[in-house]
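Residue-level listing of the chains:
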2 protein chains.
Amino acid sequence: VAAHVQLMRALRVYLAGPDVFLPDPHSLAAAKKRRCAAYGFMGVSPVDNEIDLSALSKRDAGLRISAANEDMIRSCQLLIANLTPFRSPSADVGTAYELGFARAVGLPVFGYTNVAGTLLDRMRRQGGVHVRTRASGQLEDMDHMVIEDFDLTDNLMLVGAVCSSGTEVVVTPTPAGCRFTNLAGFETCLQLAARQLGVQSS
Amino acid sequence: VAAHVQLMRALRVYLAGPDVFLPDPHSLAAAKKRRCAAYGFMGVSPVDNEIDLSALSKRDAGLRISAANEDMIRSCQLLIANLTPFRSPSADVGTAYELGFARAVGLPVFGYTNVAGTLLDRMRRQGGVHVRTRASGQLEDMDHMVIEDFDLTDNLMLVGAVCSSGTEVVVTPTPAGCRFTNLAGFETCLQLAARQLGVQSS
């Protein structure tokens, strides 16, 4: 009976992304969880962490949340990352950290972005960045730092993680106003994960 | 004899950072390796990867490098991350990914940044970002996304990783022109690592 119950338990999906910084992170987490349930998964969000931070300094509160998020990733069986660029031409660094963490502990990872183009495309479009070509042919930014030119949607470590897990980063061009809330790409990730992991929709 | 040789072998340090994007990444890697050797460690850099990329598409080359870097991290016993902000108020996303990866496989991680201040300080200083206070007291950016206010030098996942490993992010305010090459903070990380791991300077 125990084995049967185990088999029936939905796989836990860690919901990584800058979603936690939204004005109402709980409603987006709830929307993601409803979609997870429809595909036979259980969504788990860092906003679910119930930690009493009241007696802690700001710094200790931040560190406590960090440890709780790591524990939460370890409690999951897969991760879906919102890789939409955040305050930069690239994904949120906290999300990048969690993606690497999940991959190293052996979780299959999936990713989506709601901004089109390669990292290089976005550098070219971004004000203040003057993409230049070196004598070597390499491209560089205003600080003479190389701009990756691998035809990838973001830094090669992030895209590599998703591709090594067996899928592609799902790209859904989205107007700026709903860039962090459009869940079409997230839903595609759930479909890809369900197919890859053999999970039946409910 | 084998056990003795094992004991004598220097611990391998993965050198994570946007250093790989410098105009001459090999000379900075060499400088870091010399310092590693002086503290009894062996520095290992992603620029050391010898992969024949000539027959590969840009995309496949990027993915091959990603896999090689993950293998390299797994071959190391600790990681020192250059967390200096890169094209954003935060660290490089590839470095953030590698920091999470290393932490999850159990490596002690150390970090330094050559830019002073908390993430919030940098957001306030950055042109185009209008830090606002919500009715709730939370701070938000121009996209209404929360700005973390945890008195930490960067996103709580990154700082949490370093603190959970037993040290602090080493901060060395540095002029913009040598922000990515100043190794004072890197050297302090080596000192902290040597003390924590009981490694003798050579």
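What you are looking at is a predicted structure, and each value in this text was computed from that prediction instead of being measured. (Residues numbered from 1 in each chain as written. Chains lettered and ligands numbered in written order. Predicted model: local features only at pLDDT ≥ 70, side-chain atom pairs only at ≥ 80, totals over all residues. Heavy atoms only, no water.)

(A) Expanded view of the interface of chain A and chain B. Of the residues lining the interface, 55 residues belong to chain A; the matching set on chain B comes to 55 residues. For the chain A and chain B pair, buried surface summed over both sides reaches about 4,700 Å², with 66% attributable to carbon and sulfur atoms. Three residues, Arg87, Tyr97 and Met157 of chain A, lead the burial of chain A against chain B; their summed loss comes to 18% of the area buried on that side. Our count for the contact surface shared by chain A and chain B stands at 8 salt bridges. Between Arg59 of chain B and Glu168 of chain A there is a salt bridge, with its nearest N and O atoms 2.9 Å apart. Between chain A and chain B we count 16 residue pairs in polar contact (both at pLDDT 80 or more) in total. (Contact = heavy atoms within 4.5 Å. Buried area = accessible area lost by both parts, 1.4 Å probe. Salt bridge = Lys/Arg side-chain N within 4 Å of Asp/Glu carboxyl O. Polar contact = N/O pair within 3.5 Å; in protein donor to acceptor, adjacent residues only side chain to side chain.)

(B) Region of the structure containing the pairing of strand S3 (residues 78-82) of chain B. Residue and element names in this part refer to chain B. Among the 5 residues that make up S3, 5 are buried, leaving the element largely enclosed by the rest of the structure. Alternating residues of S3 divide into Leu78, Ile80 and Asn82 and Leu79 and Ala81, and every residue in both groups is buried. As paired elements, strand S1 (residues 11-16) and S3 share 4 bridges and run parallel to each other. Bridge assignment links Leu15 to a residue of S3, and that residue is Ile80. Each parallel crossover has a hand, and for S3 linked through helix H4 (residues 93-104) to strand S4 (residues 109-113) it is right-handed. (Buried < 20%, exposed > 50% of the residue type's maximum accessible area, 1.4 Å probe, protein only. Helix = DSSP H or I, 4+ residues; strand = E, 2+ residues; numbered from the N terminus. Pairing = 2+ DSSP bridges. Right-handed = clockwise from strand over helix to strand, strands pointing away.)

(C) Summary view of the pairing of strand S2 (residues 41-44) of chain A. Residues and elements named next belong to chain A. Looking at chain direction, strand S1 (residues 11-16) and S2 are connected through 4 bridges and run parallel. Bridge pairing in S2 links Arg12 to Met42. Following the chain from S1 across helix H2 (residues 25-38) to the adjacent parallel S2, one finds a crossover that is right-handed.

(D) Structural context of the sheet that holds strand S2 (residues 41-44) of chain B. Ordered in space as S2-S1-S3-S4-S7 (chain B), the 5 strands form an open sheet in which the pairing is parallel. Unpaired on one side and paired on the other, S2 and strand S7 (170-171) of chain B mark the two borders of the sheet.

(E) Quick peek at the relation of the copies chain A and chain B. When chain A is brought onto chain B, the operation consists of a screw motion whose angular component is 180° and whose axial shift is 0.0 Å, with 0.0 Å RMSD remaining. As the rotation angle and translation indicate, the two copies are arranged about a two-fold axis. Looking at the interface residues of chain A, 100% of them are also at the interface in chain B, so both copies use one shared face. (Least-squares fit on C-alpha atoms with pLDDT ≥ 70 in both.)

(F) How the structure looks around the sheet that holds strand S7 (residues 170-171) of chain A. Residue and element names in this part refer to chain A. Reading across from one edge, S2-S1-S3-S4-S7 is the order of the 5 strands in this open sheet, with parallel pairing throughout. Sheet topology places S2 and S7 at the edges, where each strand pairs with a single neighbour. With respect to the sheet, helix H7 (residues 184-197) is in contact with S1, S2, strand S3 (78-82), strand S4 (109-113) and S7, its orientation differing from that of S4 by roughly 155°. (Axes fitted to C-alpha atoms, helices over the stretch in contact; angles between N-to-C directions.)

(G) Up close: the nonpolar core. In this structure, Leu79 and Leu99 of chain A together with Leu79 and Leu99 of chain B are the most contacted members of the largest nonpolar core, which totals 64 residues. Look past the residues within four positions of Leu79 of chain B in its chain and what remains in contact with it is Val13, Tyr14, Ala16, Glu98, Leu99, Ala102, Leu107, Pro108, Val109 and Phe110 of chain B. (Core = buried A, V, L, I, M, F, W, Y, C linked by side-chain atoms within 4.5 Å.)

(H) Structural view of the confidence of the model for chain A. For chain A, the average pLDDT comes to 93, and 95% of its residues sit at 70 or higher. Here the predicted complex scores 0.95 on pTM and 0.95 on ipTM. (pLDDT = per-residue confidence, 0-100.)

(I) Representation of the packing of helix H2 (residues 25-38) of chain B against helix H7 (residues 184-197) of chain B within the structure. Residues and elements named next belong to chain B. Contact geometry of H2 with H7 gives a least axis separation of 10 Å together with a crossing angle of 30°. With respect to H7, the axis of H2 lies roughly parallel. For the crossing formed where H2 meets H7, the hand is right-handed. Judged by residue contacts, Lys32, Arg35 and Cys36 of H2 engage Phe186, Glu187 and Leu190 from H7. Tallied by class, the residues present in the contact of H2 with H7 amount to 3 nonpolar, no polar and 3 charged. (Parallel < 35°, antiparallel > 145°, perpendicular 65-115°, else oblique. Left-handed = near helix turned anticlockwise from the far one by under 90°. Nonpolar A, V, L, I, M, F, W, Y, C, P; charged D, E, K, R; others polar.)

(J) Expanded view of H7 of chain A. All names here are of chain A. Its 14 residues place the ends of H7 20 Å apart at the C-alpha level, agreeing with the 20 Å of an ideal helix rising 1.5 Å per residue. Turning to H7, its buried residues number three or more, namely Gly185, Phe186, Cys189, Leu190, Ala193 and Ala194. Considering only its buried residues, H7 is in contact with S1, H2, S2, S3, S4 and S7. Looking at the residues trailing H7, positive phi occurs at Gly198, about 70°. (Expected span 1.5 Å × (residues − 1).)

(K) Inspection of the packing of helix H3 (residues 58-74) of chain B against H4 of chain B at higher detail. All names here are of chain B. Direction vectors running N to C along H3 and H4 enclose 40°, while the axes themselves pass 10 Å from each other. Looking at the two axes, H3 sits oblique to H4. Considering how the two elements wind past one another, H3 and H4 form a crossing that is right-handed. Taking contact as the criterion, the partners of Asn69, Glu70, Ile73 and Arg74 in H3 are, on H4, Tyr97, Glu98, Phe101 and Ala102.

(L) Structural view of the pattern of salt bridges. Residue and element names in this part refer to chain A. In the structure shown here, the tally under the stated rule is 18 salt bridges over all chains. Salt-bridge contacts for Asp48 lead to Lys33; the nearest nitrogen and oxygen are separated by 2.8 Å. Here Asp48 is found in the loop between S2 and helix H3 (58-74), whereas its partner Lys33 is found in helix H2, with 15 residues between them in sequence. For Asp48, a relative accessible area of 30% gives the class partly exposed. Glu140 is the partner of Arg132 in a salt bridge, and the nearest nitrogen-oxygen pair spans 3.8 Å. Arg132 sits in the partly exposed class, given a relative accessible area of 35%. What makes Glu140 buried here is its relative accessible area of 9%. Three or more residues joined by partner-sharing salt bridges are found here, namely Arg132, Arg134 and Glu140.

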